[in-house]
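Observations on chain architecture
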Amino acid sequence: MGKGGMSIDDHGEGKEENMAAWLLGINTLKIQPFKLPTLGPHDVRVRMKAVGICGSDVHYLKTLRCAHFIVKEPMVIGHECAGIIEEVGSQVKSLVPGDRVAIEPGISCWRCGHCKQGRYNLCDDMKFFATPPVHGSLANQIVHPADLCFKLPDNVSLEEGAMCEPLSVGVHACRRANIGPETNVLIMGAGPIGLVTMLAARAFGAPRTVIVDVDDHRLSVAKSLGVDDIVKVSTNIQDVNEEVEKIQKVMGAGINVTFDCAGFDKTMSTALGATQPGGKVCLVGMGHSEMTVPLTPAAAREVDVVGVFRYMNTWPLCLEFLRSGKIDVKPLITHRFGFSQKEVEEAFETSARGGNAIKVMFNL
């Protein structure tokens, strides 16, 4: 399981008590003790150094639910993380204390059909950080399987290591959509996931990328990160047809793949309308659990709709993109906080407000 905390006193006398940020109720976070499980032979104990706030964390804080996952008892929050190895299990050969690692937060069963076929992100028995009832990683220390801890290249920071988690969503989406040098890409939504998807598409070789959003600031950030063009749209679904024409004109070529990184009726309708016949629409964002969209006209143009859920086998490629400089995630980290009760509350308020905040990061 992902795996939680135990008093570090269990590992030796005189050490500090392990603390974590617990979600206790709607808009209620409290730092309190977190007991780690026993270190297994294939596990490592990691001191957390960088933990990012995800939109799902904010959803849980505000509503105690995200999609069909519901928080029914106190839960440690956080899943975008990196840290330093403090202890390794007896069978761990790939890591040693002192190694800096990025952490993949989901532990699959490796026994079901999905896992055996390699699509472990679809495992029905997935234990994923901060997805009820599994505890997360916004803590002093955690215990996690060694094979899900990836050593950072020397020129990649711990903060960048934590950014491998959101970047993995973009990388997995690009793989699902077969992005390459002949794929013009449209991205609906310039939030954190839209931005990392754009960066991933460029790294995969997409010759032209256009990003769409309702917010001028986020569009300006996308432009500064290297997107080829931007389109500002309204929130009015009546404007879809007019905006589709505008988007197609700005692209200046056929749109082979559209990533909907928002997941609303309007963004999906726009994606389906803008994508060229025979193209793909990849649904990445999950803004609405149900949508009303014009599927029949899209089907008549053989536009494929592809789903994306988390990621699989993405950390090595993410780290190579970061090491080589093909992707730079550092500009996405706009706010940093320490790990005190006051700062945890301020950090989540900052992330929830949006505004000019993209990625809010804890430095522990």
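All values reported here derive from a predicted model rather than from experimental measurement. (Residues numbered from 1 in each chain as written. Predicted model: local features only at pLDDT ≥ 70, side-chain atom pairs only at ≥ 80, totals over all residues. Heavy atoms only, no water.)

1. So, the UniProt feature "domain: Enoyl reductase (ER)" (unreviewed entry) in the chain
Convention followed: UniProt positions are given in the numbering used here, feature names are shortened, and annotations may be inferred rather than shown by experiment. Think of it this way: any DSSP run of H or I at least four residues long counts as a helix, any run of E at least two long counts as a strand, and we number them from the N terminus.
According to UniProt, the positions carrying the feature "domain: Enoyl reductase (ER)" (unreviewed entry) are residues 25–362. In residues 25–362, the share of helix is 30% and the share of strand is 24%. The end C-alpha atoms are 21 Å apart.

2. Brief notes about the packing of aromatic side chains
Heads up, the condition is: Whether two aromatic rings pair depends on their centres lying within 6.5 Å, for rings of Phe, Tyr and Trp, where Trp uses its six-membered ring; planes under 30 degrees apart make the pair stacked, over 60 edge-to-face, and the rest tilted. In this scheme, a residue with accessible area under 20% of its type's maximum is buried, one over 50% is exposed, and one in between is partly exposed, where area comes from a 1.4 Å probe on protein chains only. Put simply, a charge is over a ring when the Lys NZ or the Arg CZ is close to the ring centre, within 6 Å, and near the line of the ring normal, within 35 degrees.
In the structure shown here, the tally under the stated rule is seven aromatic pairs. Ring geometry for Trp110 and Tyr120: centres 5.2 Å apart, planes at 45 degrees, overall tilted. With Trp110 in the loop between strand 9 (106–107) and helix 2 (113–116) and Tyr120 in the loop between helix 2 and strand 10 (127–128), this residue pair connects regions lying 10 residues apart in the sequence. For Trp110, a relative accessible area of 48% puts it in the partly exposed group. The buried category is assigned to Tyr120, whose relative accessible area is 4%. Consider the rings of Phe128 and Tyr311, whose centres lie 6.4 Å apart with planes at 40 degrees: the pair is tilted. Within this pair, whereas Phe128 is found in strand 10, its partner Tyr311 is found in the loop between strand 18 (304–307) and helix 10 (315–324), the two being separated by 183 residues in sequence. With respect to class, Phe128 is no different from Tyr311; both count as buried. Put simply, the rings of Phe128, Phe150, Tyr311 and Trp315 pair up and form one aromatic cluster. Positioned above the aromatic ring of Phe128, the side-chain terminus of Arg310 is 3.7 Å from the ring centre.

3. Points about the nonpolar core
Note the following rule: Grouping buried Ala, Val, Leu, Ile, Met, Phe, Trp, Tyr and Cys residues that are joined through side-chain atoms within 4.5 Å yields what is termed a nonpolar core.
Judged by nonpolar contacts, the single largest core of 59 residues is most densely connected at Ile179, Leu195, Ile211, Phe259 and Leu332. Mapped onto this core, the elements with two or more residues apiece are helix 3 (158–162), helix 4 (164–176), strand 13 (185–188), helix 5 (192–203), helix 6 (216–224), strand 16 (257–260) and helix 10. Per element, the largest residue contribution to this core is seven residues, and it comes from helix 5. One finds Ile31, Val58, Val76 and Ile85 within the second-largest nonpolar core, a separate group that totals 42 residues.

4. Some details on the sheet that holds strand 16
Selection rule: Note on pairing: two strands pair once DSSP finds at least 2 bridges between them. What counts as an axis is a line fitted to C-alpha atoms, over the stretch in contact for a helix, and the angles between N-to-C directions run from 0 to 180 degrees.
The strand order across the open sheet formed by six strands is 15-14-13-16-17-18, and the pairing between neighbours is parallel. In this open sheet, the two strands that pair with only one neighbour each are strand 15 (229–232) and strand 18. On average, adjacent strands in this sheet sit at an angle of 20 degrees to one another, irrespective of strand direction. Direction of pairing for strand 14 (residues 209–213) relative to strand 15: parallel, over a ladder of four bridges.

5. Some details on the environment of Gly254
Its place among the elements puts Gly254 in the loop between helix 7 (240–251) and strand 16. The spacing of Gly254 and Ala102 is 152 residues in sequence and 37 Å in space, taken between C-alpha atoms.

6. Describing the pattern of salt bridges
Short version of the rule: Here, a salt bridge means any side-chain nitrogen of Lys or Arg that lies within 4 Å of a carboxyl oxygen of Asp or Glu.
This model, assessed by the stated rule, comprises 13 salt bridges. Glu86 serves as the salt-bridge partner of Arg45, at 3.5 Å between the closest nitrogen and oxygen. Here Arg45 is found in strand 3 (residues 43–52), whereas its partner Glu86 is found in strand 7 (residues 80–88), with 41 residues between them in sequence. With its nearest N and O atoms 2.9 Å apart, the salt bridge here joins Glu86 to Arg47. With Glu86 in strand 7 and Arg47 in strand 3, this pair connects stretches of sequence that are 39 residues apart. We classify Glu86 as partly exposed; its relative accessible area is 32%. The structure contains a network of salt bridges with shared partners spanning Arg45, Arg47, Glu86 and Glu87.

7. Observations concerning helix 7
Note the threshold: In a helix, the anticipated span is given by 1.5 Å times the number of residues less one. Picture the helix axis, draw a direction to every C-beta atom, and the arc is the one those directions span. Residue contacts are counted whenever heavy atoms from the two residues lie within 4.5 Å of one another.
Along its 12 residues, helix 7 runs 16 Å from first to last C-alpha, staying within 8% of the 16 Å computed at 1.5 Å per residue. Of the residues making up helix 7, those classed as buried are Val240, Glu243, Val244, Ile247 and Met251. Looking down the long axis of helix 7, one finds its buried residues gathered within 110 degrees of arc, a one-sided arrangement. Set apart from the buried face of helix 7 by more than 90 degrees, the exposed residues are Asn241, Glu242, Glu245 and Lys249. On the buried face of helix 7, the contacting elements are strand 13, strand 14, strand 15 and helix 8 (265–274).

8. Thoughts on the confidence of the model for the chain
Selection rule: Across the chain, each position has a pLDDT score giving the predictor's confidence in that residue, from 0 to 100.
Averaged over every residue, the pLDDT of the chain is 94; residues scoring 70 or more account for 96%. pLDDT under 50 marks residues 4–14. Its contacts with residues more than four places away, or in other chains, come to 34 contacts.

9. Section: the packing of helix 7 against helix 8
Our working rule: Roughly parallel covers angles under 35 degrees, roughly antiparallel covers those over 145, roughly perpendicular covers 65 to 115, and oblique covers all other angles. Helix crossings are classified by the rotation of the near helix relative to the far one: an anticlockwise turn of less than a right angle makes the crossing left-handed, while a clockwise turn makes it right-handed.
It is at 9 Å that the axes of helix 7 and helix 8 come closest, and there the two elements cross at 50 degrees. If you check the angle between helix 7 and helix 8, you find them oblique. Helix 7 and helix 8 meet at a crossing whose hand is right-handed. For the pair helix 7 and helix 8, contact is made by Val240, Glu243, Val244, Ile247 and Gln248 and by Lys266, Ser269, Thr270, Gly273 and Ala274, respectively.

10. Some thoughts on the pairing of strand 2 (residues 28–33)
As defined by bridge partners, strand 1 (residues 19–25) adjoins strand 2 across six bridges and the pair is classed as antiparallel. The partner of Leu23 across the bridge, within strand 2, is Leu29. Hairpin connection of strand 1 to strand 2: two residues between the antiparallel strands, including Asn27 at a positive phi of 60 degrees.

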